[in-house]
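Each chain, letter by letter, is given below.
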Amino acid sequence: MITTIHPEIKKEADNHGLYQVYIRITRNRRHKRIKTQVSLESLDDWNQNTRNGRYIRISAKDSKAKNIQLEKELESVKRYIQRNDDPFLTYYSFNPDEEILMQRFMEYARRITESKNRQESSKGRAYSIFCRKFQVYLRSIGKEDIPFKELTPAIVTDFENWLRVQPKERCSGTAHSLITPNYVKSIMITFRALIRRAIMIEGLLDQSKDPFRNYSIKEEKVIKEKLEKEELLSIISLDLEKGSWLWHTRNCFLFSFYCAGIRSSDLLQMRWCNIRDGRLLYQMSKSRKIKDMRLVPQAIEILDLYRTDNSKATDYIFPFLDSNAEWAGYINPQQKETMPAEMKNRLFIQTSSKNVLLNRNLKKIGRMSGISKNLTFHMSRHTFAYQAMKNGIDHMIIKEALAHSSLSTTEKYLGQFNTEEVDSALEKLFTKEFPEPAQNPQECLYQ
């Protein structure tokens, strides 16, 4: 039997002039209404046809708190019916303190993950990874779920320590294949986001009980590798078979470099309609910012390798994704928003696998070019920033080219590359004016 549960408002005011909100339960044409702890001053404050679960309009007094309260009671009723198969709530009573204490965290995390998957696949993917990891962790300590009241700083710390000794999913579990510290960091950031949402938006946990309150997420500094001009030239001059996957990979890498470091997920999904009058116009998938830039001759030369008389505006430029796939019909950002969650996930998996292929091919290209660095696609972005800085381009312009949200982000990004001043100082300090090493080493520093 299907049970329907929805809130409704009584259209007659009570003795205090307030309009009471009820929860209506229906099964097999039988109804029951239970009184909630929410009441409104006006019928106009109620929005029965809401699509986002906010039945109380923002213009109403204390609308946020009342929406949170109503959502708590709705969830409480749904859980009670699910656990007891008692649609007419024979023994039910709403106890707010008990509901908060007994709310199951994994239940909540999965609900938010489903919502994120419906909205955008990249965040949904991050939430899904967290849920999978935390579920395995809970089973390792003999639990399937955990109440909010048991989410303590000790649990947070124990989970992080557990993560740090887990193997990469595609590796065998040897010491050198542990998941990276920054991957641990990203999972912990998602964990914290779920807790903060539970506190600030849904009121499921008191702020004083926040397990992340005095917790610092650890980050490991990563060296941003970049290419020197000579290394770039060695890649450009490499003799590769036209039409081979190595040839396509080099073209993608160089096109990204010539266009201020396009990320691989954006480049793989780039279409001919993104090229207009010698300019590149697209929306970045990570930041949602619009990029509009003039194409330099080197980038146009690469595009000419792929443009044919049969090229359609909606075709992908580079041949890594199928232009006839079902997701290819969703072209502009507005259309992509309407893409079904399951389809978004398949597209995400496809772009991720192609990114793996690009990086695998780039390692081969690096070896063939005599480059000892670990060549990756993201290095095209680092290399653009580094070469722009070396050529004296203003940091504010580099910020705009990289589409960073603030100049401080760009300054931090470029900080690792700015070694020339230190190099110059060392050369100036240790010139021929210093005595030869054969002399007394202590005298060398003071002559």
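Criteria and thresholds
Residues numbered from 1 in each chain as written. Predicted model: local features only at pLDDT ≥ 70, side-chain atom pairs only at ≥ 80, totals over all residues. Heavy atoms only, no water. Helix = DSSP H or I, 4+ residues; strand = E, 2+ residues; numbered from the N terminus. Contact = heavy atoms within 4.5 Å. Axes fitted to C-alpha atoms, helices over the stretch in contact; angles between N-to-C directions. Left-handed = near helix turned anticlockwise from the far one by under 90°. Nonpolar A, V, L, I, M, F, W, Y, C, P; charged D, E, K, R; others polar. 1 Å grid on protein atoms, 1.4 Å probe; cavity = no way out; pocket = protein on both sides within 12 Å on 5 of 7 lines; lining within 4 Å. Points joined across faces, edges and corners; volume = space filled by probe spheres on them. Buried < 20%, exposed > 50% of the residue type's maximum accessible area, 1.4 Å probe, protein only. Core = buried A, V, L, I, M, F, W, Y, C linked by side-chain atoms within 4.5 Å.

> Got a minute to help me understand the side chain of Ser63 in this structure?
By secondary structure assignment, the location of Ser63 is in helix H1 (residues 63–84). Other than its neighbours up to four places away in sequence, Ser63 contacts Ile56, Arg57 and Ile58.

> Sorry if this is basic, but what is going on with the packing of helix H8 (residues 245–258) against helix H13 (residues 379–390) here?
Between two packed helices, both the angle of their axes relative to each other and the distance between the axes serve to describe the pair. It is the contact of H8 with H13, at a shortest axis distance of 8 Å, that shows an interaxial angle of 35°. For H8 against H13, the interelement crossing comes out right-handed. Here H8 contributes Phe253, Ser256 and Phe257 to the contact with H13, which in turn contributes Met379, Ser380, Thr383, Phe384 and Gln387. Its residues assigned to classes, the contact of H8 with H13 comprises four nonpolar, four polar and no charged.

> Which parts of the structure should I look at to understand the layout of surface pockets?
Unfilled space is identified by rolling a water-sized probe across the atoms. Of the pockets and cavities examined, the second largest pocket occupies roughly 970 Å³. For the second largest pocket, the lining is made up of 28 residues, of which Asn52, Gly53, Arg54, Glu71 and Arg197 are closest to its centre. For the lining of the second largest pocket, the elements supplying multiple residues, two or more each, are strand S1 (3–9), H1 and helix H3 (105–119). Grouping the constituent residues of the lining of the second largest pocket by class yields nine nonpolar, eight polar and eleven charged.

> How should I be thinking about the environment of Ile9 in this particular structure?
Along the chain, Ile9 falls in strand S1. The buried category is assigned to Ile9, whose relative accessible area is 12%. Counting along the chain gives 46 residues from Ile9 to Tyr55, while the straight-line C-alpha distance between them is 9.9 Å. Leaving out residues up to four positions away in the same chain, Ile9 has contacts with Tyr19, Gln20, Val21, Leu40, Leu43, Trp46 and Gln48.

> Just checking my understanding: could you explain the nonpolar core for this structure?
A general trend in soluble globular proteins is that nonpolar side chains are found buried together. By size, the foremost hydrophobic cluster in this structure holds 55 residues, and its most contacted members are Phe253, Phe255, Leu280 and Phe318. Mapped by element, the contributors of at least two residues to this core are helix H7 (229–236), H8, helix H9 (264–268), strand S5 (279–283), helix H10 (297–304), helix H12 (341–368), H13 and helix H14 (395–402). Not counting chain neighbours up to four residues away, the residues in contact with Phe318 comprise Cys252, Phe255, Leu267, Ile302 and Tyr306. Of all hydrophobic cores here, the second largest spans 34 residues; its members include Phe105, Tyr137, Leu138 and Ile146.

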